[in-house]
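Geometric and topological summary
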Amino acid sequence: MDNLNSFYKGDYAAGKTDLRELSGRTFIPNECVLMLCREGYAVVTINSHKEVIRRGDLVVLFSNMIFSTHQISSLFRADYLIFSLKLMEKVYYDLTSESFWRLIDENHILHLSDEQYDLMDGWFHQMRWIMDNGDESNKVAVLRSNLYNLFILLDGEMRRIFPSFLKNNEKDRVRMLFGKFMTLLVKHRHECREVSWYADKLCITKGYLYKVCCKVEHRTPKEIIDNIVANEIKQYLSDTELSITDIARKFHFEDSSYLARFFRRMTGVSPLDYRGR
């Protein structure tokens, strides 16, 4: 199995995963991840939504989404494709359908029919072939074109399956605010951990943000922020050789001792002990 949780430096990557590398961690995509479940099942949470991935499902994750696992069957296997922001920027620019983003925010896991699964299987194989064998002069352009076409097709299918979703979703102010909070948190998690900062950006009070988070997630904003930061620090400790001082600097802690106190409070162990496991 490949490591989905690694820090990829290229514009694209492909591999296979059983999701066990994500056990006990929070995964935040660098930009875009597509995952096609081949067998087994996994119980996961995506932006506070607890869902089940089963054979034949397509999972669509972007950088404003937070993914964690709860239970993974022994048979679980999935193929994945990863794309960088540099590669995705033009796709985002050309994809002007507002409905796509609103629908994907509520439908991260798409349950495919047998026919759709066969088509996605072929699409995944095509993308991997292009990554491995495509002409370097136009490889990125071809990958972008295929991604854009896929998202347009997904938009049409979701509109057909959920015709009343867009109208009803406009009335859900609480979930909309929570989604905006999570988007801000994913974007600014390295430099800001203060609840008041996020409330100000959302133009609401700290008290109202507290009510929103407790209603949707059953946790306080501070608990959500600290949990995401602690889990990402775990990722840096496990998957990089950055020093504790460098990690503290990356997350805007005053110094390494302050990060160590925060990490011990959240996990019960010191950063060095966690790295040494």
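All of the points below concern the structure found in this document. (Residues numbered from 1 in each chain as written. Predicted model: local features only at pLDDT ≥ 70, side-chain atom pairs only at ≥ 80, totals over all residues. Heavy atoms only, no water.)

With that settled, consider the packing of aromatic side chains. In this structure the tally under the stated criterion is eleven aromatic pairs. Consider the rings of F253 and Y258, whose centres lie 5.7 Å apart with planes at 50°: the pair is tilted. Between F263 and Y274 the ring centres are 5.6 Å apart and the planes differ by 75°, which places this aromatic pair in the edge-to-face class. Of this pair, F263 sits in helix 11 (residues 256-267) while Y274 sits in helix 12 (residues 271-275), and the two are eleven residues apart along the sequence. Each of the two residues, F263 as well as Y274, counts as buried. Grouped by ring-pair contacts, the aromatic residues F178, F181, W197 and Y198 constitute a single cluster. The ring of Y117 carries the charged tip of R55 above its face, separated from the ring centre by 4.8 Å. (Phe/Tyr/Trp six-rings, centres within 6.5 Å; stacked < 30°, edge-to-face > 60°. Helix = DSSP H or I, 4+ residues; strand = E, 2+ residues; numbered from the N terminus. Buried < 20%, exposed > 50% of the residue type's maximum accessible area, 1.4 Å probe, protein only. Lys NZ or Arg CZ within 6 Å of the ring centre and 35° of its normal.)

Next up on the list: the environment of G207. In this structure, G207 sits in helix 8 (residues 206-216). G207 gets classed as partly exposed once you look at its relative accessible area, which sits at 39%. Linking G207 and P221, residues 14 residues apart in sequence, is a C-alpha distance of 9.9 Å.

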